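# Overview (structure and organization)
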Amino acid sequence: MFFNGPLFWFLLGIVTVVAGVGFKAFAEDRGWALSWWKWLLAIVWYGIFMTSFFTLGTFLGEFYESGAAWRLFALGMFISLVLGVGLWRVLSMNPQPAEARVVSE
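Notes on the structure in this doc start here. Please read these numbers as outputs of a predicted model, since none were measured by experiment.

Orientation of helix α2 (residues 36-61) relative to helix α3 (residues 66-92), taken along the N-to-C sense of each, is 170°, at an axis distance of 8 Å. In terms of axis orientation, α2 runs roughly antiparallel to α3. The two elements α2 and α3 cross, and the hand of that crossing is left-handed. Counted by class, the contact of α2 with α3 contains 20 nonpolar, 6 polar and 1 charged residues.

Moving on, we come to helix α1 (residues 6-30). Its 25 residues place the ends of α1 36 Å apart at the C-alpha level, agreeing with the 36 Å of an ideal helix rising 1.5 Å per residue. On its buried face, α1 sits against α2 and α3.

In an α-helix there are 3.6 residues to a turn, and that puts residues three or four apart on one side. For α3, which comprises 27 residues, the first-to-last C-alpha distance of 38 Å matches the rise-based estimate of 39 Å (1.5 Å per residue) to within 8%. Among the residues of α3, those classed as buried are A69, F73, G76, S80, G84, L87 and L91. Packing partners of the buried residues in α3 comprise α1 and α2.

Cut-offs and rules
- Residues numbered from 1 in each chain as written.
- Predicted model: local features only at pLDDT ≥ 70, side-chain atom pairs only at ≥ 80, totals over all residues.
- Heavy atoms only, no water.
- Axes fitted to C-alpha atoms, helices over the stretch in contact; angles between N-to-C directions.
- Helix = DSSP H or I, 4+ residues; strand = E, 2+ residues; numbered from the N terminus.
- Parallel < 35°, antiparallel > 145°, perpendicular 65-115°, else oblique.
- Left-handed = near helix turned anticlockwise from the far one by under 90°.
- Nonpolar A, V, L, I, M, F, W, Y, C, P; charged D, E, K, R; others polar.
- Expected span 1.5 Å × (residues − 1).
- Contact = heavy atoms within 4.5 Å.
- Buried < 20%, exposed > 50% of the residue type's maximum accessible area, 1.4 Å probe, protein only.

Structure follows, in C-alpha cells:
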C-alpha cells in the first residue's frame, strides 16, 4: 500500500522541507523577524494542520467511520483556521524600535 510505504513518507518529507523553505522566504519578503519561539509556533501550527489530514486518512480507512472522519477533519480545519489567524497576527507584529518608544516621566 502506498500510504504505508517509505516512498510516501519520503515524498511527505520533501513537501515539508519545501514548505519550511517557502515559509522562510515568505517571512523575509514580508519583513517579519522570526525568533525561535515564532518558528516553534509555526511548526506546531503546521503539525496540527497536517494531523487533520492524517486523521482523515486513518478514519476513512476504517470501516463505518466515514462520518466521524469528516466531522473530525472539519473540526481540525476549523481549529487550524483559528490558530492560523492568530499565528499570522503574532508573526506580523513588529515591535517598536527603542528610539521610537516614548518615555513618559
